[in-house]
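# Remarks on the overall topology
Each chain, written out:
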Amino acid sequence: MAGSVAAAVGVGIGMGLAISHKIKNQKDPFLQNALDFFFSNYRPNCSSPMWGSLSLADNTTEAVESKTGASFPSVLSDTQQLLGIGLRKKSILGLKNIDVYAFGVYADYTDMKNSLSEKYGQFSVSELKQNKEFLEDVLEKDIRMTVRLQIVYGRLSIRSVRSAFEESVGSRLQKFGGPDNKELLQRFTSLFKDEYKIPRGSVIELSKEQGHVLCTKIDGNDVGCIQSKLLCWSILDLYIGEDPFDVKAKEEIELSLASLLQN
Ligand SMILES: CCCCCCCCCCCC(=O)O
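The rules behind each value
- All chains use their own residue numbering, which begins from 1 and follows the written sequence.
- A pLDDT threshold of at least 70 governs which residues receive local features in this predicted model, and a stricter bar of 80 or more applies before side-chain atom pairs are shown or counted, although totals over entire chains, interfaces and linings include all residues.
- Hydrogens and waters are ignored; side-chain quantities use all the structure's heavy atoms.
- For the exposure calls, accessible area comes from a 1.4 Å probe over protein chains only, and a residue counts as buried if that area is under 20% of its type's maximum, exposed if over 50%, partly exposed in between.
- Only DSSP runs of H or I with at least four residues qualify as helices, and only runs of E with at least two residues qualify as strands; both kinds are numbered from the N terminus onward.
- When DSSP finds at least two bridges between two strands, those strands are taken to pair.
- Axis angles are defined between N-to-C directions and span 0 to 180 degrees, where every axis is a line fitted to C-alpha atoms and, for a helix, only to the segment in contact.
- For classification, angles of less than 35 degrees are called roughly parallel, those exceeding 145 degrees roughly antiparallel, those between 65 and 115 degrees roughly perpendicular, and all remaining angles oblique.
- A clockwise turn of the near helix away from the far one marks a right-handed crossing, whereas an anticlockwise turn of less than a right angle marks a left-handed crossing.
- We call two residues in contact when some of their heavy atoms are within 4.5 Å.
- Three classes are used: nonpolar for Ala, Val, Leu, Ile, Met, Phe, Trp, Tyr, Cys and Pro, charged for Asp, Glu, Lys and Arg, and polar for all others, with Gly counted as polar.
- Geometry of aromatic contacts follows a simple scheme: Phe, Tyr and Trp rings, the Trp one being its six-membered ring, pair when their centres are within 6.5 Å, and the pair is stacked under 30 degrees between planes, edge-to-face over 60, tilted otherwise.
- The rule for a charge over a ring is simple: NZ of Lys or CZ of Arg within 6 Å of the ring centre, and within 35 degrees of the ring normal.
- Take the number of residues in a helix, subtract one, and multiply by 1.5 Å to get its expected span.
- By nonpolar core is meant a set of buried Ala, Val, Leu, Ile, Met, Phe, Trp, Tyr and Cys residues that side-chain atoms within 4.5 Å join together.
- Salt bridges, as used here, are contacts in which a Lys or Arg side-chain nitrogen is within 4 Å of a carboxyl oxygen on Asp or Glu.

With that out of the way, let us pick up the pairing of strand β7 (residues 145-151). When you tally the buried positions in β7, you get seven out of seven residues, the bulk of the element. Alternating residues of β7 divide into M145, V147, L149 and I151 and T146, R148 and Q150, and every residue in both groups is buried. Across seven bridges, strand β6 (residues 96-108) lies against β7 in antiparallel orientation. Residue Y101 lies in a different strand from β7, and its bridge partner there is I151. With six bridges joining them, β7 and strand β8 (residues 203-209) adopt antiparallel strand pairing. For L149, the partnering residue across the bridge sits in β8 and is I204.

Here we come to the packing of helix α5 (residues 132-140) against helix α8 (residues 229-240). One can describe the packing of α5 onto α8 by two numbers: an axis separation of 9 Å at closest approach and a directional angle of 140°. Taken as axis vectors, α5 and α8 run oblique relative to one another. The chirality of how α5 crosses α8 is right-handed. Contact with α5, carried on its side by L135, E136, L139 and E140, involves K229, W233, L236, D237 and I240 of α8 and no other residues of that element. Looking at the contact of α5 with α8 residue by residue, the classes come out as five nonpolar, no polar and four charged.

Before going further, it helps to examine the packing of aromatic side chains. Inspection of every chain in the model, using the stated rule, returns nine aromatic pairs. Taken together, Y101, F103, Y239 and F245 form an aromatic cluster joined through their ring pairs. Across from the ring centre of F245, 3.7 Å away, lies the NZ or CZ of R88, which sits over that ring.

Each α-helix turn comprises 3.6 residues. Residues three or four places apart therefore point the same way. For α8, with 12 residues, the first-to-last C-alpha span of 16 Å sits near the 16 Å given by 1.5 Å per residue. Burial analysis of α8 places 10 of its 12 residues in the buried class, the great majority of the element. Within the sequence span of α8, burial applies to L231, C232, W233, S234, I235, L236, D237, L238, Y239 and I240.

This part is about the sheet that holds β7. Hydrogen bonds between backbone groups are what pair the strands of a sheet, and the pairing can be parallel or antiparallel. Here seven strands make up an open sheet; going across it, the order is β4-β5-β6-β7-β8-β9-β10 and the pairing antiparallel. Bordering the open sheet on either side are β4 (75-76) and β10 (221-227), each of which pairs with just one other strand. Helix α3 (residues 109-120) contacts β5 (80-92) and β6 of the sheet and is inclined by roughly 70° relative to β6.

Along the polypeptide, A249 turns up in helix α9 (residues 247-260). Residue classification places A249 among the buried positions, given a relative accessible area of 2%. Taking the C-alpha atoms as reference points, A249 and V105, separated by 144 residues in sequence, lie 9.1 Å from one another. Once residues within four sequence positions are removed from consideration, A249 is found in contact with I85, G86 and F103.

Turning our eyes to something else, we now look at the nonpolar core. Formed by 54 residues in total, the largest nonpolar core has its most connected members in M112, F134 and F188. With eight residues, α8 is the single largest residue contributor to this core. Not counting chain neighbours up to four residues away, the residues in contact with F188 comprise F165, V169, L206, L214, T216, I226, L231 and I235.

The next thing to look at is the pattern of salt bridges. Applying the stated criterion across every chain yields a total of 15 salt bridges. Notably, a salt bridge pairs E205 with R148, separated by 2.7 Å at the nearest N-O pair. Of the two residues, E205 is situated in strand β8 and R148 in strand β7; the sequence distance between them amounts to 57 residues. R148 carries the same exposure label as E205, and that label is buried. For R172, the salt bridge is made with D237, and the minimal N-O distance between the two is 2.7 Å. In this pair, R172 sits in helix α6 (residues 158-177) while D237 sits in helix α8, placing the two residues 65 residues apart along the sequence. Each member of the pair, R172 as well as D237, carries the same accessibility label: buried. Through salt bridges with shared partners, one network takes in K132, E136, K175 and E242.

And the structure:
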């Protein structure tokens with residue numbers, strides 16, 4: 001395996017990826033799988049690398065969002081693989097665009113296979129790219145997925161986090177569920193209580209668990225879970241839906257999702 005990692009690392013450097021650490025523990029097959037997956041998704045003919053950079057730490061790999069330096073472990077909760085990373089910008093008073101957070105989207109490899117192999121296993125990655133039905137099925141099925149937000153804006157209040165969710169998730173709840181979902185939105189936004197602080201570097205994790213349960217963590221602490229397929233769908237739609245926050249990130253995530261079914 002050392003050879004294959006070294007080869008991959010060499011190829012990565014040649015293609016413009018920055019490798020900052022050497023792998024130490026080489027006995028983890030899931031790690032190897034994640035590494036293979038990461039490098040198999042690198043597209044040599046593109047003008048920019050899929051992700052800003054990759055570093056290999058003790059028993060894990062990390063991808064770094066190039067503009068902000070925010071880093072994302074390539075594997076989350078032991079079974080979820082990183083599919084792509086992006087940047088959420090927001091305009092303030094319609095004047096200035098600020099970088100608010102970098103994000104990474106993850107999916108459970110086994111759930112993907114179990115839920116979608118039968119229907120899509122025969123399709124190539126390019127056939128699945130920009131296939132609207134494929135992405136809808138990803139959102140529809142009981143597949144464990146996580147969106148990890150890493151805050152890069154230094155002056156964020158919990159009130160602005162709540163109102164940003166109100167606006168973005170609220171619009172999706174209305175789009176997919178109609179106007180009668182105010183109580184669901186309120187249950188979700190009230191998880192972000194006044195006492196929480198969100199300095200630069202804070203991590204918010206929105207995880208879709210088995211049974212379409214959305215669980216939220218702030219800096220590793222559980223703040224609450226809500227069982228709602230509509231809520232899970234609406235949150236993921238912000239990143240991989242029709243009008244995503246970062247179009248390039250969505251394309252990468254879609255490509256990775258399709259690649260998961262090829263192995
Ligand atoms: C000053 C801008 C405040 C924006 C705060 C965004 C914090 C997280 C919100 C997540 C959902 C979204 O990106 O709309």
